[in-house]
Amino acid sequence: MDLQDRLEDVRNRMRKAAAEAGRRPEAVTLVAVSKTFDAEAIRPAIAAGQRVFGENRVQEAQGKWPALRAEAAGIELHLIGPLQSNKTAEAVALFDVIETVDREKIARAIAAEMARQGRALRLYVQVNTGLEPQKAGIAPDDTVAFVALCRDELGLTIEGLMCIPPADENPGPHFALLAKLAERCNLDRLSMGMSGDYDVAIGFGATSVRVGSAIFGTR
Ligand SMILES: *Cc1c(COP(=O)(O)O)cnc(C)c1O
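Residues numbered from 1 in each chain as written. Predicted model: local features only at pLDDT ≥ 70, side-chain atom pairs only at ≥ 80, totals over all residues. Heavy atoms only, no water.

(A) Here's a closer look at the state of the cysteines. Taken as a whole and judged by the stated rule, the model has zero disulfides. There is no disulfide at C150, and the cysteine sulfur nearest it, in C185, is 9.9 Å away. Accessibility expressed as a relative area gives 0% for C150, which makes it buried. Under the relative-accessibility criterion, C185 is labelled buried at 4%. (Disulfide = S-S within 2.5 Å. Buried < 20%, exposed > 50% of the residue type's maximum accessible area, 1.4 Å probe, protein only.)

Given below as structure tokens:
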């Protein structure tokens, strides 16, 4: 199977999962995660009509996306990896969506940079649903207060919540927890589900899934 077949396969499975959950297929966005793949490998996805992409490193994304963006209209770029505050200016300049807002310091830095650059990015708060020490994200118990701080004190528009469940656990309870937290925050967008579990995530209400290896191959 080449990339375009794999992409079509993922889109079909997404449609099927949405139908099984009684949801409209358009309600779920595919974020194609192109991290570690170079421009050459990404072009076939763009040629197949894919426009929304995810990258986890600011510097790596800077190396390939300005050129790719110039080749096709309508590219939407999501930062899905942790953001260090010294990279905030570059991230705000390059990305359309930051999915990894997870602490006050970075929320403040993003607010200041958006004001300085006159840009309004779409933002997600990342939740560490498994409370894994090595993983980024705000603790579930702190999520409602943190979203309130972002909105009320920093004037940020938060679009939704994002999570990466522990690799060795059943993801269902984590997706359910993220959905519950989003409801308590009055948010209706959920970024959850990767190559191994995006159909499960759609069953739990994902509005976007981040799929890498199932499209681009193993890294
Ligand atoms: C790499 C990555 C993905 C994609 O993972 P696959 O298993 O390759 O689909 C999704 N989300 C985040 C945050 C990632 O870093």
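(B) Summary view of unusual backbone geometry. Not every positive phi belongs to a glycine, and T36 is a case in point at roughly 75°. Position of T36 relative to the elements: it lies in the loop between β1 (29-33) and α2 (39-47). When its relative accessible area of 54% is taken as the criterion, T36 is described as exposed. Its identity as a non-glycine residue notwithstanding, N186 has a phi of 60°, on the positive side. Here N186 shows up in the loop between α7 (172-184) and β7 (189-191). (Helix = DSSP H or I, 4+ residues; strand = E, 2+ residues; numbered from the N terminus.)

Spatial relationships are all this shows, so hold off on functional conclusions.
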